[in-house]
Amino acid sequence: MATVIDGKASAQALRNTLAETVTALKNDHGLTPGLAVVLVGEDPASQVYVRNKAKQTVEVGMESFEHRLAADTSEADLLALIDSLNADDRVHGILVQLPLPAHINESKVINAVSHDKDVDGFHLINVGRLNTDGDGVVPCTPLGCLMMLKSHLGDLTGMTAVIVGRSNIVGKPMAALLLQANCTVTIAHSRTKDLEALCRTADILVAAVGRPRMVPGSWVKPGATVIDVGINRIEEDGKNRLVGDVDYDSAAAVAGAITPVPGGVGPMTIACLLHNTVQQAKRIKGIE
Ligand code: NDP
């Protein structure tokens, strides 16, 4: 049976370290890192994420600035708010909760956030830095996955990694990080042929697809480490359940280690957002 990689515990450990760093920044530099979160509209899942992010920001001793805008807010008004946050010295990280309403151009908004205050790692400059081994901000979800992989496996050099999913927010940056960690990386997607056989070659299998329990245990190489990024809400046995992209029970019977859903990648994503905010605050102030 696989070892369970406990994302909740990893996230708590990271937050504890961040709280110590924040205390030191306050005491030694008079700096309180600040994170601004912007939510447009009333999407219920986004509201929960934003609430959790704000709560955890305050818990590690940072300042949280919440901006909740109506669903019909114009793109121009949103861009004006971002400009004011870019200019606000108390704000070191700006997160615009996605998805945005259809009338707003997401890429325009993402790139309007100063790359020095981008904590999602979605700004083109930070994407470029990640892909040229530069010192940029790394998207939170893949960063959390990498941290869990390293703390479980140690050095990843030479391992074969397969990532199912090629999105800009998970699949592609995950591939860049694993390549930097000296893995041999393959990115699979909806047009990949014989996905099953490909997955079975993986020492590290990352599923970021958005399809409930798509990856069964028969696709997992015995002893592999499985990272399940998926968050899918399904109705089952009359209950509302949260499941991953991996069929947990059959995969856990074959894998060496596996992240559960919930309690795996999700908690680490928020902790990494706080990590990125602290990193940007230090960078803006020129603190090593
Ligand atoms: P996207 O929808 O942007 O991307 C999904 C990817 O999966 C695409 O590349 C798509 O391929 C691929 N795909 C779809 N169907 C198949 C298939 N049958 N076989 C192989 N590949 C397939 O999703 P995201 O990357 O944004 O998110 C993926 C999952 O991760 C979702 O469940 C999401 O909720 C979750 N998530 C979790 C986070 C967390 O904090 N834990 C954070 C972000 C996302 P193609 O490109 O060919 O269409």
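Rules used in this analysis
- Residues numbered from 1 in each chain as written.
- Predicted model: local features only at pLDDT ≥ 70, side-chain atom pairs only at ≥ 80, totals over all residues.
- Heavy atoms only, no water.
- Helix = DSSP H or I, 4+ residues; strand = E, 2+ residues; numbered from the N terminus.
- Rg over C-alpha atoms; globule rule 2.2 N^0.38 Å.
- Buried < 20%, exposed > 50% of the residue type's maximum accessible area, 1.4 Å probe, protein only.
- Contact = heavy atoms within 4.5 Å.
- Areas by Shrake-Rupley, 256 points an atom, 1.4 Å probe, with all protein chains shown as cover.
- Pairing = 2+ DSSP bridges.
- Axes fitted to C-alpha atoms, helices over the stretch in contact; angles between N-to-C directions.
- Parallel < 35°, antiparallel > 145°, perpendicular 65-115°, else oblique.
- Nonpolar A, V, L, I, M, F, W, Y, C, P; charged D, E, K, R; others polar.
- Near = heavy atom within 4 Å.
- Polar contact = N/O pair within 3.5 Å; in protein donor to acceptor, adjacent residues only side chain to side chain.

Colleague: Before we go on, may I ask you to explain the overall build of the chain in this structure?
Modeller: What the chain contains, in helices and strands, is 10 helices and 11 strands. Relative to its length of 288 residues, the chain is compact, with a C-alpha radius of gyration of 19 Å against a globular reference of 19 Å. With the C-alpha coordinates of the chain rotated into their principal frame, the extents come out at 50 × 40 × 35 Å. For the chain, the residues scored as buried account for 47% of the 288 residues in total. Put simply, 68% of the contacts in the chain that link residues at least 6 apart link residues at least 24 apart. When the accessible surface of the chain is summed, it comes to about 13200 Å², and 51% of that surface belongs to carbon and sulfur atoms.

Colleague: Can you walk me through the sheet that holds strand S1 (residues 3-4) in this structure?
Modeller: On the basis of which strands lie adjacent, the open sheet formed by six strands has the order S1-S11-S8-S7-S5-S6 and parallel pairing. In this open sheet, the two edge strands, each paired with only one partner strand, are S1 and strand S6 (184-188). When S1 meets strand S11 (residues 257-258), the two strands line up parallel, connected through two bridges. Considered in S11, the bridge of valine 4 is made with isoleucine 258.

Colleague: What is the right way to look at the sheet that holds strand S2 (residues 34-40) in this model?
Modeller: Whether parallel or antiparallel, the strands of a sheet pair through hydrogen bonds between backbone atoms. Pairing in this open sheet of three strands is parallel, and the strands run S3-S2-S4 from one edge to the other. Looking along the sheet, the strands with just one partner apiece sit at the ends: strand S3 (63-69) and strand S4 (93-96). When strand polarity is set aside, the average angle formed by the axes of neighbouring strands in this sheet is 15°. Where S2 lies against S3, seven bridges are found, and the strand directions are parallel. Paired with leucine 39 across the strands is arginine 68, a residue of S3. Strand contacts of helix H3 (residues 75-87): S2, S3 and S4, with the helix running at about 180° to S2, the strand carrying the most contacts. Set on the sheet, helix H10 (residues 265-285) makes contact with S2 and S4; between it and S2 the angle comes to about 125°.

Colleague: In this structure, what is going on with the packing of helix H6 (residues 140-153) against H10? I would like to understand it.
Modeller: Packed helices, taken two at a time, are described by the angle their axes make and the gap between the axes. At a minimum axis distance of 8 Å, the contact between H6 and H10 shows a crossing angle of 110°. Classified by the interaxial angle, the pair formed by H6 and H10 is roughly perpendicular. Note on element contacts: H10 touches H6 through Val265, Met268, Thr269, Cys272, Leu273, His275 and Asn276, opposite Cys140, Thr141, Leu143, Gly144, Cys145, Met147 and Met148. Here the residues of the contact of H6 with H10 sort into nine nonpolar, five polar and no charged.

Colleague: Quick question: what am I supposed to make of the environment of glutamate 63 here?
Modeller: Along the chain, glutamate 63 falls in strand S3. A relative accessible area of 34% places glutamate 63 in the partly exposed class. C-alpha of glutamate 63 to C-alpha of lysine 193: the two residues are 130 residues apart in sequence and 48 Å apart in space. Leaving out residues up to four positions away in the same chain, glutamate 63 has contacts with Thr32, Pro33, Gly34, Leu35 and Thr57.

Colleague: Sorry if this is basic, but what is going on with the site of the ligand here?
Modeller: In the vicinity of the ligand there are 23 residues, among which Arg166, Ser167, Ser190, Arg211 and Thr269 approach most closely. Between serine 190 and the ligand, the recorded distance is 2.5 Å, taken from a side-chain N or O atom to an oxygen atom. In this structure, an oxygen atom belonging to the ligand sits 3.1 Å away from a main-chain N or O atom of isoleucine 231. Summarising the interface, the protein chains cover 71% of the accessible area of the ligand, which totals 930 Å² for the free molecule. Considering each element in turn, the shell around the ligand owes the most residues, three residues, to H10. The residue inventory of the shell around the ligand, partitioned by class, reads 10 nonpolar, 10 polar and three charged.

Colleague: What is the right way to read the side chain of threonine 141 from this model?
Modeller: Relative to the helices and strands, threonine 141 resides in helix H6. Judged by its relative accessible area of 17%, threonine 141 is buried. With near-sequence residues (within four places) excluded, threonine 141 lies in contact with Val170, Val229, Val265 and Thr269.

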